[in-house]
Amino acid sequence: DPVVSPSGQQSLASPLTATMGRRHALNNTAKSYFTSWEKKEAGYGTKTARVGTDSKLPFGHCRLGLQRAVDPVVSPSGHIYSKEAIYEYLLAKQEELAKMRAAWEKEQQEKATGEVVKASQEEQAKIQKFIQNQESVSRKRKNPSDDKKEVMKKFLYAPKKAGEIMQDPKSKEEKQQDLQRTSFWLPEFTPSAKKQKVEAPPKRPPSPFSRKPLRLKDLVPIKLKVLEGTSGREAKFVCQVSGKQITYQDTVFLRNTGVVMLKKCYDELAKPTMTCPVTGKKFKKKHAILIKSDGTGFASTGNVIAKAWSEALMN
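Residues numbered from 1 in each chain as written. Predicted model: local features only at pLDDT ≥ 70, side-chain atom pairs only at ≥ 80, totals over all residues. Heavy atoms only, no water.

1. Remarks on the overall build of the chain
Okay, so step 1: Broken down by element type, the chain carries 6 helices and 13 strands.
Okay, so step 2: Buried residues in the chain amount to 21% of all 315 residues.
Okay, so step 3: Considering only contacts within the chain whose residues lie at least 6 apart along the sequence, 53% involve residues at least 24 apart.
Okay, so step 4: Surface summary for the chain: the accessible area is close to 24,700 Å², and the carbon and sulfur share equals 54%. (Helix = DSSP H or I, 4+ residues; strand = E, 2+ residues; numbered from the N terminus. Buried < 20%, exposed > 50% of the residue type's maximum accessible area, 1.4 Å probe, protein only. Contact = heavy atoms within 4.5 Å. Areas by Shrake-Rupley, 256 points an atom, 1.4 Å probe, with all protein chains shown as cover.)

And the structure:
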């Protein structure tokens, strides 16, 4: 029979199905193994997320401070930094390299000392071996049969005197090796970590992004033309050739003239004649620096997927 609700409406659901809750098979952890969704919710496995335009660094912002660059400079790799931020970075890296260099020099000195000591020990061992060989020549050799009889007397026959202790033919080193093989859990036999080799540090600190050696004289000051009506943190910048606003387009900086232009203007107006359109000064190919841009949230501008790596959960 249909179920009548308090409002007078009829329902085709039976009383059993109306009061029955969610099936246990649809609940989490109802199975004997973790599903892919449960692993992801528990924090295991690699997580991916699409990065939008709001997460991209605008043009003219410092790559280290993530704010509008103050006294901006450009590295040979095309990254813009605030002068103070990149100077602090290079100073900190120089101090790290000095500590690494001191540790490396100490290891090299210890290695050289160890080689000298080892060579001296080997030389002493050769001398001792030579002396022993010379002494053995002058001595009268024993009959091997006498040695065999002595061994048989000591170890194959029981002691005749009370309190006599049988001697073990193994040396102290052989006993220690046997004990290490059979009782490896003892503290004196547990393996110890090998000393890690200190790598030779680079001569100069690396760039924060390109990881190539970077010097202070490699940084070139850049003057950005501000869009009229904008200032402060909200300032926008324009191309000095076309006057168009620079957002996420490819941009070229001429280090010998200090002119910043869109790459399209560079390819059409500057590159064919190798002459700066603003100053009329000649430049070489090495003077043109392509400014790095994060692009937009569209996939065509580059990688827009961020990944966070984490350990996987095995069933």
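After that view of the structure, there is still more to cover.
2. What about the pattern of salt bridges?
Opposite charge on two side chains makes pairing possible when the charged atoms of those side chains draw close.
Okay, so step 1: Tallied over the full model, the rule gives 3 salt bridges.
Okay, so step 2: In this structure, Arg215 engages Asp218 in a salt bridge whose closest nitrogen and oxygen atoms are separated by 3.2 Å.
Okay, so step 3: With a relative accessible area of 14%, Asp218 lands in the buried category.
Okay, so step 4: Here Asp267 ties to Lys263 by a salt bridge, and the two come within 3.1 Å at their closest N and O atoms. Note that Asp267 and Lys263 are positioned in helix 6 (residues 263-270) at a spacing of 4 residues, about one turn of the helix. (Salt bridge = Lys/Arg side-chain N within 4 Å of Asp/Glu carboxyl O.)

3. Examining empty space enclosed by the protein
Okay, so step 1: Considering all chains together, one arrives at 1 cavity of 30 Å³ or more under this definition.
Okay, so step 2: By volume, the largest cavity amounts to about 100 Å³.
Okay, so step 3: If you go around the largest cavity, you meet 15 residues; those closest to its centre are Pro58, Phe59, Gly60, Arg63 and Lys292.
Okay, so step 4: Looking at the lining of the largest cavity residue by residue, the class counts come to 6 nonpolar, 6 polar and 3 charged. (1 Å grid on protein atoms, 1.4 Å probe; cavity = no way out; pocket = protein on both sides within 12 Å on 5 of 7 lines; lining within 4 Å. Points joined across faces, edges and corners; volume = space filled by probe spheres on them. Nonpolar A, V, L, I, M, F, W, Y, C, P; charged D, E, K, R; others polar.)

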